[in-house]
Amino acid sequence: MVTVTTVDTLQEAAASSAGQAVFLGGGTLVMRSVNYGELSVPQIVRLRSVAALRSIRADGTRIVIGAAATMGDILRSSEVSFLHPVARQIGGPAIRNMATVGGNIFAPHPYGDFAVALLALDAKLRLSDGSETDLESLLAARDNEKRLVESVSIARPAGDDFRFRKVSRVKPKGVSVMSLAAWLPRSAGRISGARIAFGAMAPTPVRVRAAEAALEGATLDENGIAGALAAATQGLTPPDDGLASGWYRSQVAPVHLKRLLLGEGSRT
Amino acid sequence: MTKKPVQFRLNGSPAAVFVDEGQNLLDLLRRGVGDLSPKYGCGQGTCGSCTVIIDGEPRLSCLTLAETVEGQQVETTNGLADGPDLHALQEAFMENFAAQCGYCTPGMLMAAKALLDRTPRPSREEIVEAISGNICRCTGYEPIIDAILAASGQPTRRTG
Ligand SMILES: Cc1cc2nc3c(=O)[nH]c(=O)nc-3n(C[C@H](O)[C@H](O)[C@H](O)COP(=O)(O)OP(=O)(O)OC[C@H]3O[C@@H](n4cnc5c(N)ncnc54)[C@H](O)[C@@H]3O)c2cc1C
Ligand code: FES
Ligand code: FES
């Protein structure tokens, strides 16, 4: 049996949820566990009002998104129009009005498509204890994280520097065989400081540093990206699940990375 | 088990009920309030038969913690008809054979209403997108798409 505690601040929520409680975001995953009697802890902690954690605003060259912003909020904000194709690919319309950005960062495999985009965009998180951390470090130790996410700061990509692609078997609503995001800053046509992230290719969304390194100084064409494609799955052991085997994921990852980088055959 | 009071508006009228710990909104509407129009299909967000409109947005009542609707406006299919007069969407669903077993219908109607409330003359693509979270085992979807087109005063496959 589950009990629900309502508090006023994220700090209070973090203090409760550090014990035997789970924090409620939009509830799309938490309530599913409640309904099926599968919640691993006996308590839910929630905020009385999430209004303060839903804002999306520019902050210099970056953009700050509140952890309680929903995919629907993202789709209504012109500040983050480059993220619209990402939010649109998460669940159906009703799910999008509930699913939060914070919840997506903690959503287990094969979910977390939005977090993949955040990872490519150099996301830095503000946490409930006032500290900052980058998304990559948080994801690496996600299961033991006791702090809650207050907001996410991301880079604002120029032009078509940001790319996202979700590969699924069912359209428009299927879960990911994999999702891919790339941020490809360029100067004089050459890539500098690329970030490539994969979802559903590891227990959490991950960056592929070997592929990023192979793109340094390269041009965005078949020859330029060859090294990145060869390194696409370096260091990854993709999971097997009902959608695809790890072997299949490894085999097709370079194909999808190529389409992502060259903007080919995009069905999104 | 502790009960908590929650007050909200259901189809325009005030509702004040006690919720159980961890109770979802679908269960509260059906067992607590007696509004049987939203249906339980899966309890995990995949079928859409429990779709209701909360503060103008379609949401899944099975994944909504009931106590979070405090102070909010909840709309269900029960609120569509005005006395004996059916809502334009209900008429159109009937005319276009958009319901067979009818189990998905309340969810489809609410997803469609949320669309038409914002977009009175949606394109076919917008309709498909709006009902993409709602599963129908019976109709093959085309009659439902037609019904929503008809309800918004647009030609359907049959009326060309
Ligand atoms: C039918 C269906 C389809 C879906 N499709 C997709 C999809 O296509 N792509 C996808 O990525 N996901 C999908 N999901 C999964 C899920 O809806 C999303 O990942 C969503 O973003 C999770 O957010 P939430 O707010 O609903 O999380 P909740 O269920 O509220 O929480 C999930 C986890 O995140 C934690 N959490 C929430 N907010 C915070 C915070 N601020 N700080 C720290 N921890 C927090 C919770 O404690 C919990 O452990 C789908 C789910 C369903 C039911
Ligand atoms: S019962 Fe809510 S989505 Fe199926
Ligand atoms: S009419 Fe039977 S499920 Fe849609």
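Residues numbered from 1 in each chain as written. Chains lettered and ligands numbered in written order. Predicted model: local features only at pLDDT ≥ 70, side-chain atom pairs only at ≥ 80, totals over all residues. Heavy atoms only, no water.

Caption draft 1: Main features of the domain arrangement of chain B. Residue and element names in this part refer to chain B. Looking at chain B, the domain boundaries give domain 1 (3-79) and domain 2 (88-151). Distance from the C-alpha centre of domain 1 to the C-alpha centre of domain 2: 21 Å. If you look at the interface, domain 1 gives 17 residues, while domain 2 gives 14 residues. A buried area of about 1,200 Å², summed over both sides, lies between domain 1 and domain 2, and 58% of it is on carbon and sulfur atoms. The largest contributions to the domain 1 side of the interface with domain 2 come from Thr 51, Ile 53 and Thr 77, which together make up 36% of the buried area. Put simply, Lys 113 and Glu 75 hold a salt bridge, and the shortest N to O gap is 2.7 Å. Where domain 1 touches domain 2, the interface holds six residue pairs in polar contact (both at pLDDT 80 or more). For the side of domain 1 that touches domain 2, the secondary structure elements donating two or more residues are strand S3 (51-54) and strand S4 (57-60). (Domains from an automatic or database assignment. Contact = heavy atoms within 4.5 Å. Buried area = accessible area lost by both parts, 1.4 Å probe. Salt bridge = Lys/Arg side-chain N within 4 Å of Asp/Glu carboxyl O. Polar contact = N/O pair within 3.5 Å; in protein donor to acceptor, adjacent residues only side chain to side chain. Helix = DSSP H or I, 4+ residues; strand = E, 2+ residues; numbered from the N terminus.)

Caption draft 2: View of the interface of chain A and chain B. With 25 residues of chain A in contact, the opposing surface of chain B contributes 26 residues. Regarding the contact of chain A and chain B, the summed buried area is about 2,100 Å², with carbon and sulfur atoms giving 56% of it. Joining chain A to chain B, the criterion identifies three salt bridges. Salt-bridge contacts for Glu67(B) lead to Arg46(A); the nearest nitrogen and oxygen are separated by 3.4 Å. Run the count over chain A and chain B and you get eleven residue pairs in polar contact (both at pLDDT 80 or more). Of all the elements in the fold, those that place two or more residues in the side of chain A that touches chain B are strand S1 (3-7), helix H2 (30-35) and helix H5 (93-96) of chain A. For the side of chain A that touches chain B, a count of residues per class yields twelve nonpolar, eight polar and five charged. (Nonpolar A, V, L, I, M, F, W, Y, C, P; charged D, E, K, R; others polar.)

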